[in-house]
Amino acid sequence: EERLRWDGGNFRTFEVVSAVNGPVQQDIVYCVMPAPGMLTDRDVLQDRWKVSLDDGGLAILLQSRLDNSLRPETSQRIRAFTHVSGYLICVTSDGSVEITAVSQTNLGGSIPAWVQSQGRRLAKSKLLPWARKLESHCQAVRQRKD
């Protein structure tokens, strides 16, 4: 729900299906991502691990689940497969935030090479606006806590 507040344009659904709290927070997330044009939407069911860092930051690792029983595949969407995705969110000495992200995902289906190329270009152009939305959301959350 929190993710959809600031990043709803990238997801039709972002749901925490199951959660276990501890030193490493483990949960299972289900996401539906809208596809452009005549392509079919993608969904993904992932294990997610989150660890708080000493500097106030966060390390997040995601990987597709091999057991899809919590959210079986449907004919309305193509199941994507996340080999690995990771986010390292660090607070710098001046109080700003530094984000490092990596992802290796197979979007599934037969997507033509030219569409993949256009998608990569489009994703790169959306990175800075995405970071600004995240920053605004974090500031709003901080103000609510104060």
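Residues numbered from 1 in each chain as written. Predicted model: local features only at pLDDT ≥ 70, side-chain atom pairs only at ≥ 80, totals over all residues. Heavy atoms only, no water.

Turning to the side chain of S85, a few remarks are in order. Here S85 shows up in strand β6 (residues 81-91). Polar side-chain contacts of S85 include one of 2.6 Å to the side chain of S103. If sequence neighbours within four positions are ignored, S85 has contacts with I60, L61, L62, V102, S103, Q104 and T105. (Helix = DSSP H or I, 4+ residues; strand = E, 2+ residues; numbered from the N terminus. Polar contact = N/O pair within 3.5 Å; in protein donor to acceptor, adjacent residues only side chain to side chain. Contact = heavy atoms within 4.5 Å.)

Relative to β6, strand β4 (residues 58-64) runs antiparallel, the two sharing five bridges. Across the sheet, the residue bridging to I60 is Y87, located in β6. The turn linking β6 back onto strand β7 (residues 97-106) is made up of five residues, and G95 within it adopts a positive phi angle of 90 degrees. (Pairing = 2+ DSSP bridges.)

With that settled, the discussion passes to the environment of G86. Structurally, the position occupied by G86 is in strand β6. Residues G86 and L61, 25 residues apart in the sequence, show an inter-C-alpha distance of 4.5 Å. What G86 contacts, discounting residues up to four positions off in sequence, is I60, L61, T100, A101 and V102.

Now for a nonpolar patch on the surface. A cluster of nonpolar residues, V91, V97 and I99, forms a patch on the protein surface that exposes about 210 Å² of accessible area. With respect to the element layout, V91 can be found in strand β6. Residue classification places V91 among the partly exposed residues on the basis of a relative accessible area of 31%. (Patch = residues over 30% accessible without salt bridge, like charges linked within 9 Å, V, L, I, M, F, W, Y side chains within 5 Å. Areas by Shrake-Rupley, 256 points an atom, 1.4 Å probe, with all protein chains shown as cover. Salt bridge = Lys/Arg side-chain N within 4 Å of Asp/Glu carboxyl O. Buried < 20%, exposed > 50% of the residue type's maximum accessible area, 1.4 Å probe, protein only.)

Let us now look at the confidence of the model for the protein chain. Across the protein chain, pLDDT averages 86, with 99% of residues at or above 70. Here helix α1 (residues 2-7) stands out as the element of the protein chain with the lowest mean pLDDT, 74, in contrast to β4, whose mean of 95 is the highest. (pLDDT = per-residue confidence, 0-100.)

Bringing the pairing of strand β2 (residues 24-33) into the picture now. Here strand β1 (residues 13-20) runs beside β2; their pairing, made up of seven bridges, is antiparallel. Following the sheet pairing, V20 is matched in β2 by Q26. The hairpin turn running from β1 into β2, its antiparallel successor, is three residues long. Where β2 lies against strand β3 (residues 42-52), ten bridges are found, and the strand directions are antiparallel. Directly across from I28, in β3, lies its bridge partner D47.

Turning next to the nonpolar core. By size, the foremost hydrophobic cluster in this structure holds eight residues: F11, F14, V29, C31, V44, I60, L62 and A80. Only β2 and β4 provide two or more residues apiece to this core. Those residues in contact with V44 that lie beyond four places of it in its chain are V29, Y30, C31, M33, S64, R79, A80 and T82. (Core = buried A, V, L, I, M, F, W, Y, C linked by side-chain atoms within 4.5 Å.)

Here helix α2 (residues 113-145) is 33 residues long and its end C-alpha atoms lie 46 Å apart, about the 48 Å a rise of 1.5 Å per residue gives. In α2, a bend of some 40 degrees at L127 exceeds every other bend along the element, and P129, a proline, comes one to four places later. Of all the residues in α2, the buried ones are V115, W130, L134 and H137. In this structure, the buried side of α2 is in contact with α1 and β7. (Expected span 1.5 Å × (residues − 1). Bend = angle between axes of the 7 residues up to and from the residue.)

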